[in-house]
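What follows is each chain in one-letter form.
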Amino acid sequence: MLKKNATEIRKGIIKAVHAAGSGHPGGSLSAADILTTLYFYKMKVDPKNPKWEERDRFVLSKGHAAPVLYATLAEKGFFPKEELLKLRHMGAMLQGHPDMKRVPGVEMSTGSLGQGFSCSIGMTLSSKLDGKDTRVYALLGDGEVQEGLVWEAAMAASHYKLGQLTAILDYNGMQIDGLNDEVMTINPIKDKWESFGWHVLEIDGHNFEEIIKALDEAEEIKDQPTMIIAKTIKGKGVSFMENQVGWHGSAPKDEEAEKALKELGGAN
Amino acid sequence: MSQKIATREAYGKALAALGKVNENVVVLDADLSKSTKTAMFQKEFPNRFFNMGIAEQNLMGTAAGFSTCGKIPFASTFAMFATGRAFEIIRNSVCYSKLNVKVCATHAGITVGEDGASHQALEDLAVMRAIPNMVVLNPADAVSAEKAVFAMAEYDGPAYARFGRAAVPVIYDEDMTFEIGKGIEVKEGKDATIIATGILVAEALEARELLSNEGIEARVIDMHTIKPIDIEIIVKAANETGAIVTAEEHNVIGGLGSAVAEVLVENKPVPMKRIGTQDTFGESGKPKELMEKYELTAKDIVKAVKSVIKMK
Ligand SMILES: Cc1ncc(C[n+]2csc(CCOP(=O)(O)OP(=O)(O)O)c2C)c(N)n1
């Protein structure tokens, strides 16, 4: 079931980025299984009532992966899938980077790396303050954690014992200029989060069972935020995009989009 | 004006050339070297290139440190992150001590296009201009961009230069002179003056053509240096043409329009209008569509010129 949703979401990503003629497929595809599990297994949200007070919140801190968020929200029923084909067009609801004022279901406007994660601290503190059991989920890129702001937020989250906060690191090993390890290594990444006071799990970010188990475990940890380091493949699901730095921020041409959709099992 | 080249392209090319003649030049980037075109320098001088990762504050701090040891650091990333994320580092670590750091920002303005508001820096000139000791440059085309890079290397002190993503018309010959702080009168005219900066210089030249068809002679000034602003050329234009229109791919608050207005008010008040974004964020769209929607085209300049002439 989740697999079917994830495939639909991946198709949505390809169609949207292709129609836009620009955008970020690589880091969107790598996160598709994680967003699928969040929206179709874990999170309390109501597509008919996006502002429902008791909802869980998701923040796409790596905002350039907007296509995966849009495709997931569309798949979940927040808005019609046709909108995906207007991505990045003048006057469209779906802006190049997530815009909370335009899109139902988008909780925070992001795009400048590091900022969304910081905002998720405020959301979690607020839900704690109000005595709610609302959970907050934030997705970060592995390049993104090079930002200092990420570590300011990490420090605050454990200081305030934000057990309701779960961060997920989309650890695909790549950023724009190359491999993380070449540009600016983030390792040892597990030790870093642990030393900042986080409960840390390491999983395969394309294995639904592991993602489910990790999200469930995070919910049991009450006085510590949880970081799920999810090992992923950039461009996952489209053979010629997998592990290719070049597909970080370029759109597939007609034949490429066709090929990608075929691999994903047909164009509809 | 047939050939089109992005100013960021010229920036990368100039860096690679500069590296050959000046061994003190070092280049830093924040995971955008292919887009900012600093990769061209990296290719020639791998050991003088430093990718700092996605960490703009550390990028600027490191550049400041380099400069204290006699190096000439060029630090690059997108204009939004260079002037936004790292503002205070630039103010306190670079400008306060007047260190020799060159902040070279690409992908400025609304013509970044589809990435949308979060990536369209429309305030960078304003925030950089507000910092004491900072020189602020905004070249109009590939030729002046290249010359600006060499001029910055010659100049001892903090400088900010703004480059664009999109290909824009080449308006200058190779032998043009780029002097920091000196505007360029690109075309003569007596009825009004268009003072433009960056990619709006090309629009201003087009506007001049359109106006001349209607018998209006507009002077066009390329104000590639926003700070220190060329007071002399502005006052002369006010005296001789009696009306001014400014044009920039930036918010009308705090950039070229504000700088020119300040000069006019204190020296020679004349009717004036400012073309620029009207205190609003941008949105996703094609560069050309956005230029039209946000009224940054030659047509809009023409309208403004006619209205200031009426106000004379
Ligand atoms: C503050 C900031 N600096 C730079 C950028 C430009 N940028 C967009 S995506 C990206 C690389 C992100 O890499 P990563 O976080 O690993 O994402 P993924 O590989 O999962 O797409 C960069 C540098 C940005 N959006 N924000």
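Please read these numbers as outputs of a predicted model, since none were measured by experiment.

> Got a minute to help me understand the site of the ligand in this structure?
Among the 24 residues in the neighbourhood of the ligand, the closest are listed as Lys62(A), Asp142(A), Met174(A), Lys234(A) and Glu56(B). In this structure the ligand sits where residues from chains A and B come together. Glu144(A) has a polar backbone atom sitting 2.9 Å from an oxygen atom of the ligand. Here an oxygen atom of the ligand and a side-chain polar atom of Asn172(A) are 2.9 Å apart. Of the residues contributing to the shell around the ligand, the split by class is six nonpolar, ten polar and eight charged.

> I'm lost on the nonpolar core in this one. Help?
As a rule of thumb, nonpolar side chains are buried together in soluble globular proteins. Membership of the largest hydrophobic core comes to 63 residues, with the highest contact counts inside it found for Phe74(B), Val149(B), Ile194(B), Leu200(B), Ile275(B) and Ile301(B). What Ile275(B) contacts, discounting residues up to four positions off in sequence, is Leu200(B), Val245(B), Thr246(B), Ala247(B), Glu248(B), Val252(B), Glu295(B), Leu296(B), Asp300(B), Ile301(B) and Ala304(B).

> Is there a simple way to explain the sheet that holds strand E12 (residues 225–227) of chain B in this structure?
Strand pairing in a sheet is mediated by backbone hydrogen bonds. Such pairs are either parallel or antiparallel. Residue and element names in this part refer to chain B. An order of E3-E2-E4-E5-E7-E6-E12 is seen for the seven strands of this open sheet, with the pairing classed as mixed. This sheet does not close on itself; its edge strands, each paired only once, are strand E3 (49–51) and E12. When strand polarity is set aside, the average angle formed by the axes of neighbouring strands in this sheet is 20°. Direction of pairing for strand E6 (residues 135–137) relative to strand E7 (residues 159–162): parallel, over a ladder of three bridges. Of the residues in E7, the one forming a bridge with Val-136 is Tyr-160.

> For this particular structure, what's the right way to read the interface of chain B and chain A?
You'll often see interface size given as the accessible area lost when the parts meet. Contact with chain B, which involves 22 residues of that partner, is made by 26 residues of chain A. A buried area of about 2,000 Å², summed over both sides, lies between chain B and chain A, and 45% of it is on carbon and sulfur atoms. Of all residues in chain B, Asp31(B), Ile54(B) and Arg85(B) give up the largest surface area on contact with chain A, accounting jointly for 30% of the area buried on that side. Where chain B touches chain A, the interface holds three salt bridges. The partner of Asp115(B) in a salt bridge is Arg88(A), and the shortest N-O contact between them spans 2.7 Å. Where chain B meets chain A, there are 17 residue pairs in polar contact (both at pLDDT 80 or more). For the side of chain B that touches chain A, the element with the most residues is helix H12 (residues 287–293) of chain B, which contributes three residues.

> Would you take a moment to explain helix H11 (residues 256–267) of chain B for this structure?
Structurally, the α-helix is built with 3.6 residues per turn, so residues lying three or four positions apart point the same way. All names here are of chain B. For H11, built from twelve residues, the straight-helix expectation of 16 Å at 1.5 Å per residue is met to within 8% by its first-to-last C-alpha distance of 17 Å. Listed as buried for H11 are Leu-256, Gly-257, Ser-258, Ala-259, Val-260, Val-263 and Leu-264. Lining the buried residues of H11 we find helix H7 (124–129), strand E10 (192–196), E12, helix H10 (231–241), strand E13 (244–251) and strand E14 (272–277).

> Looking at this structure, I do not really get helix H6 (residues 87–95) of chain B. What am I missing?
For H6(B), the complete set of buried residues consists of Ile89(B), Ile90(B), Val94(B) and Cys95(B). The buried residues of H6(B) occupy an angular sector of 145° when projected down its axis, which confines them to one face.

> Looking at this structure, how should I read the side chain of Thr197(B)?
Residue and element names in this part refer to chain B. Note that Thr-197 resides in the loop between E10 and helix H9 (200–213). A relative accessible area of 1% means that Thr-197 is categorised as buried. The contact partners of Thr-197, leaving out residues within four places of it in the chain, are Asn-138, Met-223, His-224, Ile-226, Ala-247, Glu-248 and Leu-256.

> Where do I start with the packing of helix H1 (residues 2–20) of chain A against helix H4 (residues 66–76) of chain A in this structure?
Each pair of packed helices can be summarised by the angle the axes make with each other and by the distance between the axes. Residues and elements named next belong to chain A. The geometry of H1 relative to H4 is characterised by a closest axis approach of 8 Å and an angle of 125° between their N-to-C directions. The pairing of H1 with H4 is recorded here as oblique in orientation. The chirality of how H1 crosses H4 is right-handed. Every residue of H4 that contacts H1 at Asn-5, Glu-8, Ile-9, Gly-12, Ile-13 and Val-17 is listed here: Pro-67, Val-68, Ala-71, Thr-72 and Glu-75. Residues that form the contact of H1 with H4 fall into these classes: six nonpolar, three polar and two charged.

> What am I meant to see in the packing of aromatic side chains here?
How two aromatic rings sit relative to each other is given by the distance of their centres and the angle of their planes. All names here are of chain A. In this structure the tally under the stated criterion is eleven aromatic pairs over all chains. Here Phe-117 and Trp-193 contribute two aromatic rings whose centre-to-centre distance is 6.0 Å and whose plane-to-plane angle is 75°, an arrangement assigned as edge-to-face. Pair noted here: Phe-117 is in helix H5 (residues 115–129) and Trp-193 is in helix H8 (residues 189–195), with a separation of 76 residues, a long-range link. By relative accessible area, which is 0% here, Phe-117 ends up buried. For Trp-193, a relative accessible area of 0% translates into the label buried. Measuring from ring centre to ring centre gives 4.6 Å for Trp-151 and Trp-193, while their planes differ by 40°; the resulting arrangement is tilted. Here Trp-193 lies in helix H8 and Trp-151 lies in helix H6 (residues 148–159), a separation of 42 residues in the sequence. With respect to burial, Trp-151 and Trp-193 carry one shared label: buried.

Procedures and definitions
- Residues numbered from 1 in each chain as written.
- Chains lettered and ligands numbered in written order.
- Predicted model: local features only at pLDDT ≥ 70, side-chain atom pairs only at ≥ 80, totals over all residues.
- Heavy atoms only, no water.
- Near = heavy atom within 4 Å.
- Polar contact = N/O pair within 3.5 Å; in protein donor to acceptor, adjacent residues only side chain to side chain.
- Nonpolar A, V, L, I, M, F, W, Y, C, P; charged D, E, K, R; others polar.
- Core = buried A, V, L, I, M, F, W, Y, C linked by side-chain atoms within 4.5 Å.
- Buried < 20%, exposed > 50% of the residue type's maximum accessible area, 1.4 Å probe, protein only.
- Contact = heavy atoms within 4.5 Å.
- Pairing = 2+ DSSP bridges.
- Helix = DSSP H or I, 4+ residues; strand = E, 2+ residues; numbered from the N terminus.
- Axes fitted to C-alpha atoms, helices over the stretch in contact; angles between N-to-C directions.
- Buried area = accessible area lost by both parts, 1.4 Å probe.
- Salt bridge = Lys/Arg side-chain N within 4 Å of Asp/Glu carboxyl O.
- Expected span 1.5 Å × (residues − 1).
- Arc of directions from axis to C-beta.
- Parallel < 35°, antiparallel > 145°, perpendicular 65-115°, else oblique.
- Left-handed = near helix turned anticlockwise from the far one by under 90°.
- Phe/Tyr/Trp six-rings, centres within 6.5 Å; stacked < 30°, edge-to-face > 60°.

So yeah, pure geometry; function would need other evidence.
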